[in-house]
Structure formats: structure tokens, C-alpha cells
Amino acid sequence: MSDSDRQRWDAKYADKASTTVLPPDDWLSRHATPLAVGVALDLACGLGHNAIWLSQHGWKVDAVDISPIGLALAEQAAERANVQTISWIAADLDRYEPPTNHYDLVTVFRFLDRHRLPHLIERSLRTGGILIYETFSQGQLSRADNHLISAQFTLGPDELPTLFPGLEILFHDETELPDRSVARIVGRKP
Ligand SMILES: C[S@@+](CC[C@H](N)C(=O)[O-])C[C@H]1O[C@@H](n2cnc3c(N)ncnc32)[C@H](O)[C@@H]1O
């Protein structure tokens, strides 16, 4: 990954002059709303809609993404929303080392890395901390509106919980949303 990934995502985000903040993902708002607020880590945060929602709901958020151009747009959106508790961190998740046993909540949406991310997430959660994760499932590839170019970025049936052997899986769902096919979990670090 890395340089080519950053260039690809920078080019994609450079086309967007400014952004309207999207609403949070339903899987996030549904499962984060009942939690006591604390410190959250949003990985591959993109334009920051979920990080901004968390901040608006009292969370202190570290939001990490490889694209400085995407992060600049996210930061502008956060300023427009008058949100001030987000640290925007430009970093490659192939190398980034978040603090250990630190976060009350880790979130990942529309991003998949089977190799490094699961261990990084389990390590960065404090005991009792929660992971809320949703990304594309294989069903995405046969949708008429599919934009993914490779099956490597989609999850096989029942695969997502198996990537987190160190977490207690509280919820697991694989479903068709109006605009995408997803697998999703909520896990807790015992
Ligand atoms: C499909 S977007 C999802 C963004 C956001 N989570 C959302 O749901 O809207 C994938 C994001 O992953 C980021 N990304 C890709 N490779 C990365 C890497 N190696 N390290 C950190 N971020 C990366 C991209 O810059 C992009 O913002």
C-alpha cells in the first residue's frame, strides 16, 4: 500500500471542492449512542462524517487516514460544524502505531485490511472497550451499483468476526443496505 494508496485517495478527494457532512452510519449511531462517552479512534476516517458525529455527541476522537487532502476537507467540515474535539492524523495504517490499551471505542467503516488492522485494533482498545466495524461483503460485487474493483476488499460469509479472536462479539450482521452490501460487528475487549 502506502504511496500509491495515498496518491489515489488524494486524487479522489482533490475533486471535491468542499463537502456536506453526511449523517453518521446507522450501525455506528445505533451502537455508540448507548455507550458512555470517552476516547474514540476512527480508522480510515475519510471525510470524517462518523468522527464529526462522535465529537458532536461528546467523544474525544483521533481520526486517522492516509490522505492529507481528505483530512483537510474533513477538518474544514468539522470547523463548519463547530466541532473541536477531533485530532486529524495523517498516517498509513500499514505503519501507524496507536497507543496501547487506550481507546473506549474504535470505529472502522468501508475499509478492510485483514493483516495488520485486527491486531492493531485489539491492542489499542482498553479493557471493556468497544469496536464498531462495518465494511463491504462479497454481495457488493454483484450489485448493479458496485464500484469496487477487487474482491480482496470484500468480506466472505461470516468472515468478519473471525478476524477478531481477542474480542467478544456482541452483534454480528450481514445485510443488504439500499446502497451497499455489508458485514458488520460490534465487539468488546474482555
Ligand atoms: C472507502 S473510504 C472510507 C472512508 C470513511 N471511513 C467512510 O466510511 O466514509 C476508505 C478510506 O481509507 C483510506 N485509506 C486507504 N488506505 C489507507 C491506509 N493504508 N492507511 C490509512 N488510510 C487509508 C482512504 O484515504 C479513504 O479515506
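Because the structure is a prediction, the values reported are computed rather than measured. (Residues numbered from 1 in each chain as written. Predicted model: local features only at pLDDT ≥ 70, side-chain atom pairs only at ≥ 80, totals over all residues.)

A count of helical and extended segments in the protein gives six helices and seven strands. Along the protein, helices (α) and strands (β) appear in the sequence α-α-β-α-β-α-β-β-α-β-α-β-β when read from the amino end. Its C-alpha radius of gyration of 16 Å places the protein within 12% of the 16 Å reference for a compact globule of 190 residues. Expressed as lengths along the three principal axes of its C-alpha atoms, the size of the protein is roughly 40 × 40 × 30 Å. For the protein, the residues scored as buried account for 37% of the 190 residues in total. A sequence separation of at least 24 residues applies to 64% of the contacts in the protein between residues at least 6 apart. (Helix = DSSP H or I, 4+ residues; strand = E, 2+ residues; numbered from the N terminus. Rg over C-alpha atoms; globule rule 2.2 N^0.38 Å. Buried ≥ 20, exposed ≤ 12 C-beta atoms within 10 Å, placed from the backbone. Contact = placed C-beta atoms within 7 Å.)

Glancing now at the site of the ligand. Lining the immediate surroundings of the ligand are 16 residues, of which Trp 9, Ala 44, Gly 46, Ile 66 and Leu 93 lie closest. A class-by-class count of the residues in the shell around the ligand yields eight nonpolar, three polar and five charged. (Near = placed C-beta within 6 Å. Nonpolar A, V, L, I, M, F, W, Y, C, P; charged D, E, K, R; others polar.)

Attention now goes to unusual backbone geometry. Backbone geometry places Asn 101, a non-glycine residue, at a positive phi of 50°. Mapped onto the secondary structure, Asn 101 falls in the loop between strand S3 (86–90) and strand S4 (103–109). The backbone of Asp 158 sits at a positive phi, close to 60°, despite the residue not being glycine. Tracing the backbone shows Asp 158 in the loop between strand S5 (125–136) and helix H6 (159–162). For Asp 158, a count of 11 C-beta atoms within 10 Å corresponds to the exposed category.

With 13 residues, helix H4 (residues 68–80) extends 18 Å from end C-alpha to end C-alpha; this agrees with the ideal 18 Å at 1.5 Å per step. Taken residue by residue, H4 has Gly 70, Leu 71, Leu 73, Ala 74, Ala 77 and Ala 78 as its buried positions. Considered in projection along H4, the buried side chains sweep an arc of 160° and stay on one side of the axis. Residues of H4 that are buried make contact with helix H1 (3–14), helix H3 (49–56), strand S2 (60–65) and S3. (Expected span 1.5 Å × (residues − 1). Arc of directions from axis to C-beta.)

Once that is clear, we can look at the environment of Ile 66. With respect to the secondary-structure elements, Ile 66 resides in the loop between S2 and H4. The exposure class of Ile 66 is buried, given the 23 C-beta atoms found within 10 Å. For the pair Ile 66 and Tyr 13, spaced 53 residues apart in sequence, the C-alpha to C-alpha distance is 12 Å. Once residues within four sequence positions are removed from consideration, Ile 66 is found in contact with Asp 5, Arg 6, Trp 9, Ala 91 and Asp 92.

This part takes up the pairing of S4. Each regular strand shows side chains that alternate between the opposite faces of the sheet. Counted residue by residue, S4 has six buried out of seven residues, so it is predominantly covered. As paired strands, strand S1 (residues 39–43) and S4 are joined by four bridges and run parallel to one another. Its bridge partner lying in S4, Leu 43 is registered against Val 108. Where S4 and S5 come together, six bridges link them in parallel fashion. In the sheet register, Val 106 faces S5, and the bridge partner there is Leu 131. With helix H5 (residues 117–124) bridging S4 and its parallel neighbour S5, the resulting β-α-β unit is right-handed. (Pairing = 2+ DSSP bridges. Right-handed = clockwise from strand over helix to strand, strands pointing away.)

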